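An overview of the molecular structure
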Amino acid sequence: MANGVSISPFEDQSAEPPVRGFLHTPDKQNGHALVLAHSAGGDCQSKLLLGVASAIAEAGLLVLRASLPFRQQRPHGPPFPGSAARDREGLRRAVAVMGRQAAGKIFLGGHSYGGRQATMLAAEAPGLVAGLLLLSYPLHPPRKPAELRTAHFPRLTTPALFFHGTRDPFGSIEQMTSALSLIPARHRLFSVEGGGHDLTAKNASPNSWAEICEVFVEFSLR
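Figured I'd write up the structure that's included with this text. All values reported here derive from a predicted model rather than from experimental measurement.

This part is about the packing of aromatic side chains. Taken as a whole and assessed by the stated rule, the structure comprises five aromatic pairs. Look at Phe 107 and Phe 216: their rings are 5.3 Å apart centre to centre, the planes differ by 80 degrees, and that puts the pair in the edge-to-face class. Taken together, the positions of Phe 107 in strand β5 (residues 106-111) and Phe 216 in helix α6 (residues 209-221) put the pair 109 residues apart, joining distant regions of the chain. Three or more aromatic residues joined by ring pairs form one cluster here, namely Tyr 137, Phe 153 and Phe 162. A cation over an aromatic ring shows up here: Arg 74 above the ring of Phe 80, its NZ or CZ 3.9 Å from the ring centre. Residue placement shows Arg 186 over the ring face of Phe 219; its charged tip is 4.1 Å from the ring centre.

So this is what it looks like as structure tokens:
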């Protein structure tokens, strides 16, 4: 336990797909909860997810770092072709499980692929969650700016907060600003100066996970 937050492995096999990951439980909970998903190349133990989850839990939210179904099937490698729908169902299950543990608002988000699937799920199921936290949304594949992943943006009615590095090869700040204008819901783009796709590049700002937490709380709960 550190700073009033305990971290423990979590698993719920009451339905398919199973919900697995790590649960950050604050000593003093405010009744709200957040589900965070990892990138296509990472897992729920990544430095980014651990740092953000820990900071937000210290603010009183119950936070689940969820292992997406594709990562539960194999420890390394990208998602299998055609597995995205099952990954979204895994996120839907995780939201339902957190809803049984927290009486307040449930938020959803993630890093890169995990965040993209969160936005797609929210577009498919308006009202499922109270808000979205997107870390390095993969706007397009590197060096392929024409292949935008924005088809669902006009259907996104869930408030969405985006953190994006100024050196992210998956989209520039200018491209992100233009793309986010498609979203009818309240949204905000927070630029991370010097940040790459993992938001942890040298000289990147914000220089602490606490700043991401502060912006998230201000945007989502105030």
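And the narrative resumes.
Turning next to the environment of Lys 144. Positionally, Lys 144 belongs in the loop between β6 (131-135) and β7 (160-165). Sequence spacing of Lys 144 and Pro 169 is 25 residues, and the spatial spacing of their C-alpha atoms is 9.6 Å.

Quick look at helix α3 (residues 84-99) now. Taking 1.5 Å of rise per residue, 16 residues should cover 22 Å, and α3 covers 23 Å from first to last C-alpha, within 8% of that figure. For α3, the set of buried residues is Asp 87, Arg 88, Gly 90, Leu 91, Arg 93, Ala 94, Val 95, Val 97 and Met 98.

Walk down a regular strand and you will see the side chains alternate between the two sheet faces. Here β6 lies mainly inside the structure; five of its five residues are buried. Burial along β6 is two-sided: the residues Gly 131, Leu 133 and Leu 135 and Leu 132 and Leu 134 are all buried. In terms of strand pairing, β5 meets β6 through five bridges, oriented parallel. When the sheet's bridge partners are listed, Leu 108 is paired in β6 with Leu 132. Of the crossover connections in this fold, the one passing from β5 over helix α4 (residues 113-124) to the parallel β6 is right-handed. Bridging between β6 and β7 involves four bridges; their strand directions are parallel. Along β7, the bridge assignment pairs Leu 132 with Ala 160.

What follows is about the environment of Ser 181. One can find Ser 181 in the loop between α5 (173-180) and β8 (187-192). Separated by 27 residues in sequence, Ser 181 and Pro 154 have C-alpha atoms that sit 8.9 Å apart.

With that settled, the discussion passes to the nonpolar core. Judged by nonpolar contacts, the single largest core of 38 residues is most densely connected at Leu 64, Leu 91, Met 98, Leu 108, Leu 132 and Phe 162. Once residues within four sequence positions are removed from consideration, Leu 108 is found in contact with Leu 34, Val 35, Leu 91, Val 95, Ala 118, Leu 121, Val 129, Gly 131, Leu 132 and Leu 133. Ranked by size, the runner-up nonpolar core spans 26 residues in total, among them Val 5, Val 52, Phe 163 and Val 215.

Quick look at the packing of α3 against α4 now. Taken N-terminus to C-terminus, the directions of α3 and α4 make an angle of 75 degrees; their axes are 9 Å apart at the nearest point. Between α3 and α4, the interaxial angle falls into the category roughly perpendicular. In contact with Ala 84, Asp 87, Arg 88, Leu 91 and Arg 92 of α3, α4 contributes Tyr 113, Gly 114, Gln 117, Ala 118, Met 120, Leu 121 and Glu 124. Residues of the contact of α3 with α4, tallied by class, amount to six nonpolar, two polar and four charged.

Rules of the game
Residues numbered from 1 in each chain as written. Predicted model: local features only at pLDDT ≥ 70, side-chain atom pairs only at ≥ 80, totals over all residues. Heavy atoms only, no water. Phe/Tyr/Trp six-rings, centres within 6.5 Å; stacked < 30°, edge-to-face > 60°. Helix = DSSP H or I, 4+ residues; strand = E, 2+ residues; numbered from the N terminus. Lys NZ or Arg CZ within 6 Å of the ring centre and 35° of its normal. Expected span 1.5 Å × (residues − 1). Buried < 20%, exposed > 50% of the residue type's maximum accessible area, 1.4 Å probe, protein only. Pairing = 2+ DSSP bridges. Right-handed = clockwise from strand over helix to strand, strands pointing away. Core = buried A, V, L, I, M, F, W, Y, C linked by side-chain atoms within 4.5 Å. Contact = heavy atoms within 4.5 Å. Axes fitted to C-alpha atoms, helices over the stretch in contact; angles between N-to-C directions. Parallel < 35°, antiparallel > 145°, perpendicular 65-115°, else oblique. Nonpolar A, V, L, I, M, F, W, Y, C, P; charged D, E, K, R; others polar.

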